[in-house]
Amino acid sequence: MTSRRTAICLIATGISIGISAIASIGSAAAQDYPTRPVKWVVGYPPGGATDIIARLIGQRMSERLGQQFVIENKPGAGNNIATESVINAEPDGYTLLFVNPANYINASLYANLKFNVVRDIAPIAAFNRVPNVMTVAKDVPAKTAAEFIAYVKANPGKVNLASSGNGTSVHLSGEMFMMMTGIKMQHIPYRGAAPAITDMLGGQVQLIFDNMPSILQHIRAGSLRALAVTSTARSSLLPDVPVLADTIPGYEASALFGAGAPKNTPKEILEKLNKTFNEVLAEPAIKAKLFDLGGEPLPGPPEAFGKMIVAETEKWETVVKAAGLKVE
């Protein structure tokens with residue numbers, strides 16, 4: 001009996017030592033991380049606002065961590081190709097996802113996704129929130145959001161809502177507006193913001209909830225009129241434009257950006273990345289550029305970003321269901 005107990009104790013001791021050794025190896029790997037280039041997957045083509053943010057932050061991450069953060073653009077299927085490629089990658093910290101509004105919207109918009117972003121992506125860090133701008137064509141007489149609501153009610157079937165494509169945050173911001181006001185407009189989807197804005201300038205469509213960076217120059221030039229921003233606070237880029245929540249209490253539709261990794265990525269690596277991302281966000285030059293792109297930096301722990309992802313996913317699910325939208 002004694003020898004048997006001794007054997008059990010030795011086995012237990014060996015297991016304990018083995019677990020400790022594995023833990024120390026994991027910690028050591030995190031300390032050395034990264035030892036080779038890190039691939040950062042972006043679900044949009046090069047040159048857009050999302051890609052610009054990724055390259056801006058990625059360059060500073062490369063310099064701080066001593067390994068290249070390589071931006072890999074994988075557009076297609078509304079960001080789902082990029083997202084699935086990261087979810088199926090090795091959870092070793094060498095493949096990251098640029099998390100953006102499409103990820104939260106697609107969770108309920110697409111009927112047959114092979115993944116669940118909330119479950120399958122480990123949050124690393126939030127970067128910023130960028131408001132959309134409720135913008136009307138010059139020939140629309142409304143000067144405020146309240147006047148525009150009254151204008152649509154007085155002109156049923158005559159007001160068109162433009163967007164950069166079905167299921168985009170630009171589209172869903174308009175759907176949320178209709179859901180919360182009870183008004184109806186005809187949605188006209190375009191292949192990107194540029195052709196939508198062209199038709200806005202020509203008066204073929206009357207309203208768009210476009211992203212701040214692509215619409216701002218036209219508002220400042222006076223060729224289009226901003227009625228409201230969709231964030232909870234006014235934007236420093238359009239300080240005289242009120243928030244839509246002043247007219248529609250509870251309305252909020254800003255674009256939340258950040259970084260994520262495949263689930264089961266070691267916690268130590270996630271924490272190291274989070275710490276470095278937050279350090280980059282605190283740099284004066286980066287802060288200034290993010291402000292120029294329309295959003296204030298959002299430093300914080302991975303858990304805080306995880307809660308934001310859940311909240312965004314639930315918010316857009318409500319809008320998608322109310323609008324009866326679905327992609328098979």
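For the structure itself, look to the data block above.
Summary of the structure given here. Since the structure is predicted, the reported quantities are computational estimates derived from the model, not experimental observations.

Cut-offs and rules
Residues numbered from 1 in each chain as written. Predicted model: local features only at pLDDT ≥ 70, side-chain atom pairs only at ≥ 80, totals over all residues. Heavy atoms only, no water. Helix = DSSP H or I, 4+ residues; strand = E, 2+ residues; numbered from the N terminus. Buried < 20%, exposed > 50% of the residue type's maximum accessible area, 1.4 Å probe, protein only. Polar contact = N/O pair within 3.5 Å; in protein donor to acceptor, adjacent residues only side chain to side chain. Axes fitted to C-alpha atoms, helices over the stretch in contact; angles between N-to-C directions. Parallel < 35°, antiparallel > 145°, perpendicular 65-115°, else oblique. Left-handed = near helix turned anticlockwise from the far one by under 90°. Contact = heavy atoms within 4.5 Å. Nonpolar A, V, L, I, M, F, W, Y, C, P; charged D, E, K, R; others polar. Pairing = 2+ DSSP bridges. Core = buried A, V, L, I, M, F, W, Y, C linked by side-chain atoms within 4.5 Å. Phe/Tyr/Trp six-rings, centres within 6.5 Å; stacked < 30°, edge-to-face > 60°. Lys NZ or Arg CZ within 6 Å of the ring centre and 35° of its normal.

On the secondary structure map, Thr83 appears in helix H3 (residues 80-87). Of the residues examined, Thr83 reaches a relative accessible area of 0% and is grouped as buried. A polar contact is formed between the side chain of Thr83 and the backbone oxygen of Asn79, at a distance of 2.9 Å. Of note is the side chain of Thr83, whose polar atom sits 2.8 Å from the side chain of Asn103.

All right, on to the packing of helix H8 (residues 193-202) against helix H9 (residues 212-221) then. At a minimum axis distance of 11 Å, the contact between H8 and H9 shows a crossing angle of 25°. With respect to their mutual orientation, H8 and H9 come out roughly parallel. The handedness of the crossing between H8 and H9 comes out as right-handed. In this structure, H8 contributes Ala193, Ile197 and Leu201 to the contact, and H9 contributes Ser214, Ile215 and His218. Taken together, the residues of the contact of H8 with H9 break down into four nonpolar, two polar and no charged.

Judged by pairing direction, the sheet is mixed, and its five strands sit side by side in the order E7-E6-E8-E5-E9 without closing on themselves. In this open sheet, the two edge strands, each paired with only one partner strand, are strand E7 (186-189) and strand E9 (224-229). Here the strands of the sheet are splayed against their neighbours by 30° on average, with no regard to which way each runs. In this structure, strand E6 (residues 160-163) lies alongside E7, joined through four bridges in parallel fashion. Each residue of the ladder has a partner; that of Asn160, found in E7, is Gln186. The strands touched by helix H7 (residues 169-181) are strand E5 (132-137), E6, E7 and strand E8 (207-211); relative to E8, the strand with the most contacts, the crossing angle is about 130°. Those strands touched by H8 are E5, E6, E8 and E9, and its axis lies near 145° from that of E8.

Moving on to the nonpolar core. The biggest cluster of nonpolar side chains holds 54 residues, and the ones touching the most others in it are Trp40, Ile57, Ile124, Phe127, Leu273 and Phe277. When near neighbours in sequence (up to four residues on either side) are disregarded, Ile124 contacts Leu96, Ala259, Gly260, Ala261, Leu270, Leu273, Asn274, Phe277, Pro301, Pro302 and Phe305. Residues Ile105, Val136, Phe305 and Trp316 belong to the second largest nonpolar core, which totals 45 residues.

Bringing the sheet that holds strand E4 (residues 121-130) into the picture now. Strand order in this open sheet of six strands is E2-E1-E3-E10-E4-E11, and the pairing throughout is mixed. The open sheet has two edge strands with one neighbour each: strand E2 (69-73) and strand E11 (296-297). Sheet topology note: the strand E1 (residues 38-42)/strand E3 (residues 95-99) ladder contains three bridges and is parallel. Directly across from Val41, in E3, lies its bridge partner Leu97.

Aromatic ring pairs are defined here through the distance separating the ring centres and the angle between the ring planes. Counted by the stated rule, this structure contains eleven aromatic pairs. Residues Phe98 and Phe127 carry aromatic rings whose centres are separated by 5.8 Å and whose planes lie at 50° to one another, so their mutual orientation is tilted. With Phe98 in strand E3 and Phe127 in strand E4, this pair connects stretches of sequence that are 29 residues apart. Phe98 sits in the buried class, given a relative accessible area of 0%. With centroids separated by 5.4 Å and ring planes inclined at 50°, the aromatic side chains of Phe177 and Phe209 adopt a geometry described as tilted. In this pair, Phe177 is assigned in helix H7 and Phe209 in strand E8, connecting sequence segments 32 residues apart. The pair Phe177 / Phe209 is uniform in exposure class, with both members buried. Through successive ring pairs, a cluster of aromatic residues spans Trp40, Phe98, Phe127, Phe257 and Phe277. If you follow Arg36 out to its NZ or CZ, it ends over the ring of Tyr94, 3.8 Å from the centre.

Here the bond from Tyr33 into Pro34 is cis, since omega is -5°, no more than 30 degrees from zero. Here Pro34 is to be found in the loop between helix H1 (2-32) and E1. Even without being a glycine, Ala77 presents a positive backbone phi close to 55°. Within the secondary structure, Ala77 sits in the loop between E2 and H3. Given the relative accessible area of 42%, Ala77 is considered partly exposed. Positive phi is not limited to glycine here, since Asn79 has a value of about 90°.

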